[in-house]
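# Chains, contacts and geometry: an overview
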Amino acid sequence: MSISMKVSGFRDIEKALAALPQGTAKGVARRAMRKELQPVADTANAFWPGATDNVFRVTSRLSRGQRADSGAGSSRSAVNLFVGANTGTDGAPHAHLLEFGTGPRFQKNGRFTGSVAPQPMLQPAWDIHKHSLLEGLGARLWDEIEKTIARRAKRAARA
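Residues numbered from 1 in each chain as written. Predicted model: local features only at pLDDT ≥ 70, side-chain atom pairs only at ≥ 80, totals over all residues. Heavy atoms only, no water.

Mean pLDDT over the protein chain stands at 84; residues scoring 70 or higher make up 84%. Mean pLDDT values for the elements of the protein chain range from 66 in helix H3 (residues 64–70) up to 92 in helix H2 (residues 22–47). (pLDDT = per-residue confidence, 0-100. Helix = DSSP H or I, 4+ residues; strand = E, 2+ residues; numbered from the N terminus.)

Here we come to the nonpolar core. Counting residues in hydrophobic clusters, the biggest one holds 18 residues, and the most contacted among them are Leu17, Val28, Leu141 and Ile145. Mapped by element, the contributors of at least two residues to this core are helix H1 (10–19), H2 and helix H5 (122–158). Broken down by element, the residue count for this core peaks at seven residues, all from H2. Among all residues touching Ile145, those that are not within four sequence positions of it are Ile13, Ala16, Leu17 and Val28. Within the second largest apolar cluster, ten residues are counted, among which are Val40, Val55, Ala92 and Leu98. (Core = buried A, V, L, I, M, F, W, Y, C linked by side-chain atoms within 4.5 Å. Buried < 20%, exposed > 50% of the residue type's maximum accessible area, 1.4 Å probe, protein only. Contact = heavy atoms within 4.5 Å.)

Its 37 residues place the ends of H5 only 46 Å apart at the C-alpha level, less than the 54 Å of an ideal helix rising 1.5 Å per residue. Where H5 bends most, at Lys130, the angle is about 50 degrees. Of the positions making up H5, those classed as buried are Ala125, His129, Lys130, Leu133, Gly136, Leu137, Gly138, Leu141, Glu144, Ile145 and Thr148. On its buried face, H5 sits against H1 and H2. (Expected span 1.5 Å × (residues − 1). Bend = angle between axes of the 7 residues up to and from the residue.)

Moving on, we come to the pattern of salt bridges. Applying the stated criterion across every chain yields a total of five salt bridges. Arg31 is paired through a salt bridge with Glu144; the nearest N and O atoms lie 2.9 Å apart. Of the two residues, Arg31 is situated in helix H2 and Glu144 in helix H5; the sequence distance between them amounts to 113 residues. For the salt bridge of Lys35 with Glu144, the shortest nitrogen-to-oxygen distance reads 2.6 Å. Here Lys35 is found in helix H2, whereas its partner Glu144 is found in helix H5, with 109 residues between them in sequence. Classification of Lys35 as partly exposed rests on a relative accessible area of 36%. (Salt bridge = Lys/Arg side-chain N within 4 Å of Asp/Glu carboxyl O.)

Next comes the structure, spelled out in C-alpha cells:
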C-alpha cells in the first residue's frame, strides 16, 4: 500500500535545524516526534484489553531482536522513534501475540493448547493518526525550533 501526499515547508525546517548544533537539533526533532507520536500510543492503549494499563509507549530504544526487525538504520545523525509495547519487567512482552494472534499450538505430546485470534491495537491507532502526522510534525518542529532559539538567546544574553 502506498500513500501519495505533497508536503511543503520541510526544506525550511531542515535549514533551521541545520543552523542549530547537531545535538540540539536532534533534541528538537526528538521532542517534536515524541509529542506527535504520543496520540498513536494513547489510542493503542485505549484499544488494549486492560485499557487502564499503559502498555504502548513512544521510545527510541529497542531490544536487539526488535532493532533487527525494524529496518532502522544505524546512522548517528538520524533520529528514530518507535511506538510499541515495553518488553521489560514493567511491560507486556505478550503484546505482539495479542496484536497479530497465534496459530494453533500443540505440545510435544500432541495435546492442543489453543490459539489466539488477532486483536489489532497498533495498526488501527496508526491508521487513525497517519494522515495528520506529517502536518502536525511540521508545526511541532517549528514550535520546538522557536522555543529552542528563544532559550538559547536568553542564555546567551545572561552570559
